[in-house]
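Each chain, written out:
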Amino acid sequence: MPNGTPETPQQQRPMPSYIAPAGVDYSDPNGGQNLEIMPLDGQLIEATRRILATSDLTTMTKKKIRQQLAQEFNIDLSSRKDFISDVID
């Protein structure tokens, strides 16, 4: 006890009063959801260039390229449709 001040025990944080919604497991870092990791722009650009370099451009469509990319990355890329179209153009 320096300078005659009484020793105080370490204060603990109060427990939060928030109650998690039913069915949500906060021990899972994804909160119970299966979140997919989207490929980076550079990865999509490189894969698109590779597909275009090895394809018959008279029969290849943007849709076919997007399908090949989705298959290669094993993820739904519909949210990146506009970006992929710009890369192709």
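As a reminder, the structure under discussion sits directly above these lines.
Residues numbered from 1 in each chain as written. Predicted model: local features only at pLDDT ≥ 70, side-chain atom pairs only at ≥ 80, totals over all residues. Heavy atoms only, no water.

### Quick notes on the side chain of arginine 80
Okay, so step 1: Positionally, arginine 80 belongs in the loop between helix H2 (62–73) and helix H3 (81–88).
Okay, so step 2: In terms of polar contacts, arginine 80 uses its side chain to reach the side chain of aspartate 41, at 2.4 Å.
Okay, so step 3: Sequence-distant contacts of arginine 80, that is, excluding residues within four places in its chain, are made with Met38, Pro39, Asp41 and Leu44. (Helix = DSSP H or I, 4+ residues; strand = E, 2+ residues; numbered from the N terminus. Polar contact = N/O pair within 3.5 Å; in protein donor to acceptor, adjacent residues only side chain to side chain. Contact = heavy atoms within 4.5 Å.)

### Section: unusual backbone geometry
Okay, so step 1: Backbone geometry places asparagine 74, a non-glycine residue, at a positive phi of 55°.
Okay, so step 2: If you trace the backbone, asparagine 74 turns up in the loop between H2 and H3.
Okay, so step 3: Note on asparagine 74: relative accessible area 67%, which makes it exposed. (Buried < 20%, exposed > 50% of the residue type's maximum accessible area, 1.4 Å probe, protein only.)

### Quick notes on the nonpolar core
Okay, so step 1: With nine residues, the main nonpolar core is built from Leu44, Ala47, Ile51, Ile65, Leu69, Ile75, Leu77, Ile84 and Ile88.
Okay, so step 2: When contributions to this core are tallied by element, the ones reaching two or more residues are helix H1 (41–53), H2 and H3.
Okay, so step 3: If you tally residues by element for this core, the top one is H1, at three residues.
Okay, so step 4: Leaving out residues up to four positions away in the same chain, leucine 44 has contacts with Pro39, Leu69, Phe73, Leu77, Arg80 and Phe83. (Core = buried A, V, L, I, M, F, W, Y, C linked by side-chain atoms within 4.5 Å.)

### Quick notes on the packing of aromatic side chains
Okay, so step 1: Tallied over the full model, the rule gives zero aromatic pairs.
Okay, so step 2: The ring of phenylalanine 83 carries arginine 80 above its face, with NZ or CZ at 4.7 Å from the centroid. (Phe/Tyr/Trp six-rings, centres within 6.5 Å; stacked < 30°, edge-to-face > 60°. Lys NZ or Arg CZ within 6 Å of the ring centre and 35° of its normal.)

### Points about the environment of aspartate 89
Okay, so step 1: Tracing the chain through its elements places aspartate 89 in the segment after H3.
Okay, so step 2: Only 3.0 Å separates the side chain of aspartate 89 from the side chain of lysine 62, close enough to count as a polar contact.

### What to know about the packing of H1 against H3
Two packed helices can be described by the angle between their axes and the distance between those axes.
Okay, so step 1: H3 packs onto H1 with a crossing angle of 50° between their chain directions and a minimal axis gap of 10 Å. In terms of axis orientation, H1 runs oblique to H3. Between H1 and H3 the crossing geometry is right-handed. Counting all contacts with H1, which are made through Asp41, Leu44, Ile45, Thr48 and Leu52, the residues of H3 involved are Phe83, Val87 and Ile88.
Okay, so step 2: Residue composition of the contact of H1 with H3, by class: six nonpolar, one polar and one charged. (Axes fitted to C-alpha atoms, helices over the stretch in contact; angles between N-to-C directions. Parallel < 35°, antiparallel > 145°, perpendicular 65-115°, else oblique. Left-handed = near helix turned anticlockwise from the far one by under 90°. Nonpolar A, V, L, I, M, F, W, Y, C, P; charged D, E, K, R; others polar.)

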